[in-house]
Structure formats: structure tokens, C-alpha cells
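Spelled out from the first residue to the last, the chains are:
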Amino acid sequence: MPKLLIVDDDPHLRKLVRTYANLEGYLCQEAENGEAAVKAALEKTFDLIVLDVMMPGLDGFEALEEIRKGSQVPVIMLTARDEEYDKLLGFGLGVDDYVSKPFSPKELMARIGAVLRRSGQQKTDAIVFGDLAIAPSSHTVTIGERKLNLPPKEFDLLLKMAQNPRIVMSREKLLQTVWGYQYYGDVRTVDTHIKSLREHLGIYRKLIQTVWRVGYKLEYTEEI
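Let us look at the structure shown here. No experiment lies behind these values; they were computed from the predicted model shown.

1. Considering the overall build of the protein
In step 1: Across its full length, the protein carries eight helices and 12 strands.
In step 2: If one aligns the C-alpha atoms of the protein with their principal axes, the spans along those axes are about 70 × 30 × 25 Å.
In step 3: Here the analysis covers contacts within the protein between residues at least 6 apart in sequence; of these, 57% occur between residues at least 24 apart.
In step 4: Total accessible area on the protein is roughly 11,700 Å²; 50% of this is exposed by carbon and sulfur atoms.
In step 5: When the 30 basic and 33 acidic side-chain charges of the protein are each reduced to a single mean position, those positions are 10 Å apart.

2. Some remarks on the pairing of strand S8 (residues 140-143)
In step 1: Side chains of S8 alternate between two faces, with Thr 140 and Thr 142 and Val 141 and Ile 143 buried alike.
In step 2: Here strand S7 (residues 132-135) pairs with S8 via four bridges, running antiparallel. Directly across from Leu 132, in S8, lies its bridge partner Ile 143.
In step 3: Turn length for the S7-S8 hairpin, with the two strands adjacent in sequence and antiparallel, is four residues, and the turn residue His 139 shows positive phi of about 60°.
In step 4: As paired elements, S8 and strand S9 (residues 146-148) share three bridges and run antiparallel to each other. Each bridged residue has a counterpart across the sheet, and for Ile 143 the counterpart in S9 is Arg 146.
In step 5: Two successive antiparallel strands, S8 and S9, enclose a turn made up of two residues, where Gly 144 displays a positive phi of approximately 65°.

3. Notes on unusual backbone geometry
In step 1: The omega torsion of the bond from Lys 101 to Pro 102 falls at -10°, within 30 degrees of zero and hence cis.
In step 2: With a phi close to 60°, His 139 is a non-glycine residue in the positive phi region.
In step 3: Following the sequence through the fold, His 139 ends up in the loop between S7 and S8.
In step 4: For Arg 213, which is not glycine, the phi torsion reads 70° and is therefore positive.

What counts, and where the lines are drawn
- Residues numbered from 1 in each chain as written.
- Predicted model: local features only at pLDDT ≥ 70, side-chain atom pairs only at ≥ 80, totals over all residues.
- Heavy atoms only, no water.
- Helix = DSSP H or I, 4+ residues; strand = E, 2+ residues; numbered from the N terminus.
- Contact = heavy atoms within 4.5 Å.
- Areas by Shrake-Rupley, 256 points an atom, 1.4 Å probe, with all protein chains shown as cover.
- Lys, Arg positive; Asp, Glu negative; His and termini not counted.
- Charge placed at Lys NZ, Arg CZ, Asp CG, Glu CD.
- Buried < 20%, exposed > 50% of the residue type's maximum accessible area, 1.4 Å probe, protein only.
- Pairing = 2+ DSSP bridges.

In C-alpha cells, the structure reads:
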């Protein structure tokens, strides 16, 4: 699944972009300034960088110039200015597109999708919560670059709850949908599998919340 680097000195803007990107199935990492962006871009592999122009220290153009010494990753620049000189400078450095501030997050996602398609990267069907990605088509779960080896029923449980976030699902409902209507096992089977699933999820175990006397729900918060 495509991985984005979001670079801006405004944490609220980074969070906004990351929230929409996660909903589109992208994995995201953030950088708060040009220096951090250069370090991340040259140490890790990204499919696209969303890069702000106006930042303290290294600005977006200077950061991109350094990044281009070791990477040709696609870049979308965020700019509060609409000057021809700036755009010509950016295109000369290999900028793929510009988005002017203030911008529509949906428009930015559309432009990201277009640039990724041009570069050969496609959005996947993954359901993403922070660095946790659940891919139904490939039946895989990853946290960052690490793949989790979940037993089939644990994957099915996680997927069912991920497809219904913030909705409380009873143990009986989970038995019916994950094990099938003809399964007559004890509802404690669900508790056993949930316990094992939480162990596999590590720091993301808090995604799965117990609703006393009812069942379970999956809810993502920034604190995880």
C-alpha cells in the first residue's frame, strides 16, 4: 500500500492530511520541518511526499533539493503563495504538482491519487488505523513494515470489527458472522480469540475495546 510522508510545521495540518490519507488507505509518516523530511526521505522508502514550502530552517525548496540528491520520489508541494517564479523553481526541482493553501482535503487526496497513478502506484483496499493496515484482498495485516501472522479466525474477527468501527458487536453476532450461523460453540470462544488477537496487535491492542456485558468494538484514537 502506498506510503506518504507529510511535511509541514503545523501539527494540525499534518493531522488533517493524515486523517484523510488514512481513510483513503494510505500509510503515513509525519515530519515537522525540512531537516526531518530530508532525513526520513533518504532513510526510508516513500511513494509520495506532501511537502510544505514555507517552513523554518530548510524551506520546502531547499529540502526538496537535498532529497533529490538521493531520491526521485513524487512530490506535491503545499504553498500559500501563487507566484510563477516559485512554481517554476519547484518544477525545475522535480515537483509533480502544487496545491495552494487553504485547500480542500478531498482535492488534495484526488491529486495524490492522480500522481500515484502516474507513477505506477495504486491505492489498495486496505483499512488503515495509524500504522496498522488490514488488507482484505491479500488477507494480510501489517504494522508499519512488519507483517503480523494472524490465524484465520483472528484475521476474520479483526476485519469484521474494522469494517464496522465504533459499532458494538455482541459475542453472539461475532460467532454468527465469523464462525457461521451453524456454529454452536460457546460464546467464550470469542473471548479467547480476542485475547490472542490483542496479544498479536501489541501496542494496537487498545483498538479493541470491551463493552461490559455486551461484546466488543474497534475504535481508533490518536493516543494509540
